[in-house]
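Examining the three-dimensional arrangement
Residues per chain are reported as follows:
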Amino acid sequence: MKRPAKARPASRTAAGGRKAAPRAVDLSIAGRFDRAAEDVGNIVALDHVNLLVDGQRTATMCYLVAMGFTRDPYLMPGVDLMWVNLGRSQFHLPNGEPQILRGRIGIVVPDCAALLARLERVRPRLACTRFVWREYTGHVDVTCPWGNTFRCHAPDAQYGPMALGMPYVEFDVPAGTADGIARFYRDIIGAPATVAAGCSGRVATVASGIGQSLRFRETKAPLPAYDGHHVQVYAADFSGPHRRLLERGLVTEESDRHQYRFVSLAGPADGRALYEAEHEVRSMRHPLYARPLANRDTTQSNMAYRQGHDALPV
Ligand SMILES: [Fe+2]
């Protein structure tokens, strides 16, 4: 039986075989999506935080056993430096005089209850250190053996699809600097930055990848001297910030073709140093960019082993 012919869409070929000009969509259709919400900005990823520690054994108990992160199985296998994976970010932990980030490092963990159980199990092993934690509504603050604060959250839409990772690093900064710091990132680094009122001053938030940010929270409390810890970011426009930093005398290291560093966040208008925090800036052509990182599923155990569940998809 012959099927009835389907109605065919109107041809977009004009008479004579010429293709009709594409028609612009109606404005009411174009407004259906928030296109700006898809923008990432010039910093495309917050990759790692580097903190000196004074013992790999203690670091292992904290970062791997208590926090549930995974030692990088491929790079830095020795006893002087450990790279630790959490989702698509890392901690770099070389031996040395311990460093303490002046603020807090945001962490997303798959399960806060499981985190609390691990913290309790590890407590006796870290009893002679500053290791402690406290539960709040919506997050858990963990103090590492040397005094760094990890602010741990459950996965949330504000952190994108992150099931485990480092959604933000939040620095405490002197009162009156947040607006200038936001301008520094906008004008020098090319990263979108906003400023809002916080509970003790203003807070600058710098977009730093999908679901990631650098935050600068004003405080009236005295801040300890900067001790040299660093953060590492990847930049899509690598040369633009470099040129602008160089013009202002702010580049502190020309590491290699893929990386440079700066320390001082200076006001673009007057060059006044607002804050110090070393940034390792890498291009997206850096060989380590988007390197796959191994992450373990901490619910896996030898006593209740499930084939195929060793790795946590991130
Ligand atoms: Fe680094």
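A short tour of the structure in this document, coming up.

Description of the sheet that holds strand 2 (residues 70–71)
Pairing in this open sheet of eight strands is mixed, and the strands run 2-3-4-1-13-16-15-14 from one edge to the other. Strands with a single pairing partner mark the edges of an open sheet, and in this sheet they are strand 2 and strand 14 (251–256). In the sheet, strand 2 pairs with strand 3 (residues 81–86) via two bridges, with the strands oriented antiparallel. Bridge assignment links Arg-71 to a residue of strand 3, and that residue is Val-84. In the packing of helix 2 (residues 56–66) onto the sheet, the strands contacted are strand 2, strand 3 and strand 4 (89–94), and the crossing angle to strand 3 comes to about 0°.

Structural notes on the packing of helix 2 against helix 3 (residues 112–122)
Orientation of helix 2 relative to helix 3, taken along the N-to-C sense of each, is 150°, at an axis distance of 9 Å. Considering their axes alone, helix 2 and helix 3 lie roughly antiparallel with respect to each other. Along this stretch, helix 2 crosses helix 3, giving a crossing that reads as right-handed. Residue-level inspection shows Met-61, Val-65 and Ala-66 of helix 2 in contact with helix 3, the latter providing Arg-118, Leu-119 and Val-122. Within the contact of helix 2 with helix 3, the residues separate by chemical class into five nonpolar, no polar and one charged.

Some details on the environment of Ser-255
In this structure, Ser-255 sits in strand 14. Ser-255 sits in the exposed class, given 11 other C-beta atoms within 10 Å. Counting along the chain gives 26 residues from Ser-255 to Val-281, while the straight-line C-alpha distance between them is 9.6 Å. Setting aside anything within four residues of it in sequence, one finds Ser-255 in contact with Tyr-260 and Arg-261.

A look at the pairing of strand 5 (residues 103–108)
Here strand 5 lies mainly inside the structure; six of its six residues are buried. Strand direction decides the pairing type here: strand 5 and strand 8 (residues 149–153), joined by four bridges, are parallel. In the sheet register, Gly-106 faces strand 8, and the bridge partner there is Arg-151.

The rules behind each value
By convention here, each chain's residues receive numbers from 1 onward along its written sequence. Reporting of local features is limited, given that this is a predicted model, to residues whose pLDDT is at least 70; pairs of side-chain atoms are given and counted only at 80 or more, and all residues count toward the totals for whole chains, interfaces and linings. In this description, strands pair whenever DSSP reports at least two bridges between them. Numbering of helices and strands starts at the N terminus; helices are DSSP runs of H or I of at least 4 residues and strands are runs of E of at least 2. What counts as a contact is two residues whose backbone-derived C-beta atoms lie within 7 Å of each other. For helices, the fitted axis covers only the stretch in contact; all axes are lines through C-alpha atoms, and the angles between them, taken along N-to-C directions, range from 0 to 180 degrees. For this classification, under 35 degrees means roughly parallel, over 145 means roughly antiparallel, 65 to 115 means roughly perpendicular, and everything else is oblique. Should the near helix be turned anticlockwise from the far one by less than a right angle, the crossing is left-handed, and should it be turned clockwise, the crossing is right-handed. Gly is placed with the polar residues, together with every amino acid not listed as nonpolar (Ala, Val, Leu, Ile, Met, Phe, Trp, Tyr, Cys and Pro) or charged (Asp, Glu, Lys and Arg). Exposure criterion: with C-beta atoms placed from backbone coordinates, a residue whose C-beta has 20 or more other C-beta atoms within 10 Å is buried, one with 12 or fewer is exposed, and one in between is partly exposed.

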